[in-house]
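# Inside the fold
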Amino acid sequence: MLVILSGVSGAGKDTVKKELLKRLDYVDTLPSFTTRAKRDGDVEGKTYHFITREDFEERIKNGEFYEYDIHHNEYYGTSKKLLNDKIESGKVIVKDIDVNGTENLMELLKNDTKVVSIFLKVSKGELEARLRQRVDKPSDEEIKMRLSRFGYEESKIDIYDYVINNNNLEKTVQVIMTIIENEKKLINQK
């Protein structure tokens, strides 16, 4: 089963994912490939697979991605091989991804893999506050760019199985753990 955590940039996808990984031993993650620069705290192969733009474009030509997108002027993509290997491991895979990637993955995997999509919702004011408090200190221009996508990303809410107001980390994590447990039971009943 693949659990997709999505939402606007700064909605808390990565924080929630880290909590799920700490609390559930049957959960694993699948880092995307990206061309963006490493930030403080990033670990190669854990947070992302960092590659050059040229390498990314070569992988696109070779058909190595289920989906990819340019987000904030950087490439992000989901490796076919790595995702298939993780799914075969039998673990629940939790992947944080933007709204375009979510649509693409859901369409591509709908006949092969159980995909559960969760949109983490925050208000625009809360989002701006979170972006300003980030450790990597995005510039005012970057914050403006991320906020400009807010309406577009929110307009995609209807494609998700679940929408959670992420205004309390503990509540959000508890709700998602319940969703995962219930979805696992549904799979096992088939």
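Structure: see above.
In this report, we go over the structure that sits alongside the text. (Residues numbered from 1 in each chain as written. Predicted model: local features only at pLDDT ≥ 70, side-chain atom pairs only at ≥ 80, totals over all residues. Heavy atoms only, no water.)

### Concerning the packing of aromatic side chains
- One pass over the structure, following the stated rule, counts nine aromatic pairs.
- With 5.9 Å between their ring centres and 70° between their planes, phenylalanine 33 and phenylalanine 65 make a pair best called edge-to-face. Of this pair, phenylalanine 33 sits in strand E3 (residues 32–34) while phenylalanine 65 sits in strand E5 (residues 65–71), and the two are 32 residues apart along the sequence. Of the two residues, phenylalanine 33 and phenylalanine 65, neither departs from the other in class, the shared state being buried. (Phe/Tyr/Trp six-rings, centres within 6.5 Å; stacked < 30°, edge-to-face > 60°. Helix = DSSP H or I, 4+ residues; strand = E, 2+ residues; numbered from the N terminus. Buried < 20%, exposed > 50% of the residue type's maximum accessible area, 1.4 Å probe, protein only.)

### Section: the pattern of salt bridges
- Across all of its chains, the model carries 17 salt bridges by this definition.
- In this structure, lysine 22 and glutamate 19 form a salt bridge, with 2.9 Å as the shortest nitrogen-oxygen distance. With lysine 22 and glutamate 19 both in helix H1 (residues 13–23), this residue pair falls three residues apart, about one helical turn.
- Taking relative accessible area as the criterion, lysine 22 reaches 64% and is therefore assigned exposed.
- Aspartate 98 is the partner of arginine 149 in a salt bridge, and the nearest nitrogen-oxygen pair spans 3.9 Å. In this pair, arginine 149 is assigned in the loop between helix H6 (140–148) and helix H7 (150–154) and aspartate 98 in the loop between strand E7 (92–96) and helix H4 (99–109), connecting sequence segments 51 residues apart. A single burial state applies to arginine 149 and to aspartate 98, both of which are buried.
- A single salt-bridge network, built from bridges that share partners, covers Asp14, Lys17, Lys18 and Asp96. (Salt bridge = Lys/Arg side-chain N within 4 Å of Asp/Glu carboxyl O.)

Take it as geometry only, folks, not as evidence of what the structure does.
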